[in-house]
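The residues making up each chain are set out below.
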2 protein chains.
Amino acid sequence: MSNEPLFLDKALASFDALWSPRVLTRVNDYDVRVAKVRGEHIWHVHDDTDEFFLVLDGELRISLREPAGERTVVLPRGAVFTVPRGTEHKPYAPSGAELLLFEPSGTLSVGDRHEEIPGHVDATTGHPLGS
Amino acid sequence: MSNEPLFLDKALASFDALWSPRVLTRVNDYDVRVAKVRGEHIWHVHDDTDEFFLVLDGELRISLREPAGERTVVLPRGAVFTVPRGTEHKPYAPSGAELLLFEPSGTLSVGDRHEEIPGHVDATTGHPLGS
């Protein structure tokens, strides 16, 4: 883990891959990850962990399947949202977005249960910055 | 915990107190907090947890007492830094800053060990938003 400051803009400029989070730093046994996204992710569930999203740029939408039905939250730049554990969700970003995520290290980007993974979605626990 | 999106700018506009973090949302047993700061905090240590800072606006400086000596990291807007557990540190912001923090719920803003707390520093585990 870096013991020097890191800069979100430099971190985001260091990679191009979509739906493929990079681990920016760690906080105890949690990762701070950054991701670039565009288009659709997949329906998936994290059974044992909440997942935090901060939109750094662009607009993210997250569809949620809740007991009361399905809804979509719209997250412009500067919005935050926590998807509760156990809630099936599908992030998507028609015109693209840059994200900061907090979640336990080892959390798989496609969750514990998910629909078929298309080629444009990276199933990862996060790549090191600079990879 | 809100199950609606929250907005950093609205959250920050909802309070004026300095060095007095508000809990924006929770992620499992962690808090996402926001804070407004200006001037000096105090030397303190979190014995059992790392502490994550993201500078949303302004400039934060954090002095660190490390085995090799004392140093200060300078964090402009968009910079992130994790203070490792056990490292004595003192945040300060001569011209002010707005911060996002990520740390375990219940973490005291002045740590487990600290110098005398002046009147302008709030010793808190974070106040609810809107309080």
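Everything numeric here is computed off the predicted structure, so don't read it as measured data.

Undergrad: Give a detailed account of the relation of the copies chain A and chain B, specifying residues and quantitative values.
TA: Between the two copies, chain A and chain B, the superposition gives an RMSD of 0.0 Å; the rotation angle is 180° and the shift along the axis is 0.0 Å. With respect to symmetry, the two chain copies, as superposed, fit the operation of a two-fold axis. If distances are taken from each C-alpha of chain A to the rotation axis, the shortest is found for A:F102, at 4.2 Å. A high fraction, 100%, of the interface residues of chain A reappear at the interface in chain B, so the copies pair face to face through one surface.

Undergrad: Now, about the pattern of salt bridges: what can you tell me, with residues and values included?
TA: Applying the stated rule across the entire model yields 24 salt bridges over all chains. The salt bridge partner of B:R33 is B:E103, with a shortest N-O separation of 3.3 Å. With B:R33 in strand β3 (residues 30-40) and B:E103 in strand β8 (residues 88-104), the pair connects residues that are 70 residues apart, well separated along the chain. Among the charged side chains, a network of salt bridges with common partners joins A:R26, A:D31, A:R33 and A:E103.

Undergrad: Kindly report on the interface of chain A and chain B, identifying the contributing residues and their values.
TA: The partner chain B presents 34 residues to the 34 residues of chain A that form the contact. The junction of chain A with chain B conceals about 2,700 Å² of combined surface from both sides, 62% of it contributed by carbon and sulfur atoms. Remark: the boundary between chain A and chain B carries two salt bridges. Note that A:E4 and B:R71 form a salt bridge whose closest N and O atoms lie 3.1 Å from each other. Our count for the chain A to chain B interface comes out at 18 residue pairs in polar contact (both at pLDDT 80 or more). Listed by contribution, the elements that provide at least two residues to the side of chain A that touches chain B are β1 (6-7), β2 (22-27), β3 (30-40), β5 (51-66), β6 (69-76), β7 (79-83) and β8 (88-104) of chain A. No other element matches the five residues that β6(A) contributes to the side of chain A that touches chain B. Here the side of chain A that touches chain B is built from residues that sort into 21 nonpolar, six polar and seven charged. Direction of pairing for β1(A) relative to strand β7 (residues 79-83) of chain B: antiparallel, over a ladder of two bridges. Counterpart to A:L6 in the pairing with β7(B) is B:V80.

Cut-offs used in this document
- Sequence order as written defines residue numbering, which begins from 1 separately in each chain.
- Written order determines the labels here, with chains lettered from A and ligands numbered from 1.
- This being a predicted model, a pLDDT of at least 70 is required before a residue's local features are given, and a value of 80 or more before pairs of side-chain atoms are given or counted; all residues contribute to the totals for chains, interfaces and linings.
- Hydrogens and water molecules were not included; the side-chain quantities draw on all heavy atoms of the structure.
- In this comparison the copies share one frame, found by least squares on the C-alpha atoms of residues holding pLDDT of at least 70 in both.
- The contact definition used throughout considers only heavy atoms, calling two residues in contact when any of these lie within 4.5 Å.
- For this document, the term salt bridge refers to a Lys or Arg side-chain nitrogen within 4 Å of an Asp or Glu carboxyl oxygen.
- Numbering of helices and strands runs from the N terminus; a helix is a DSSP stretch of H or I covering at least four residues, while a strand is a stretch of E covering at least two.
- Buried area: the accessible surface (1.4 Å probe) lost by two parts on joining, summed over both.
- Whenever two N or O atoms come within 3.5 Å, that pair is a polar contact, provided that in protein one can donate a hydrogen and the other can accept it, and provided that, for residues adjacent in sequence, both atoms are side-chain atoms.
- In this classification, the charged set is Asp, Glu, Lys and Arg, the nonpolar set is Ala, Val, Leu, Ile, Met, Phe, Trp, Tyr, Cys and Pro, and all remaining amino acids, among them Gly, are polar.
- Any two strands between which DSSP finds at least two bridges are classified as paired.

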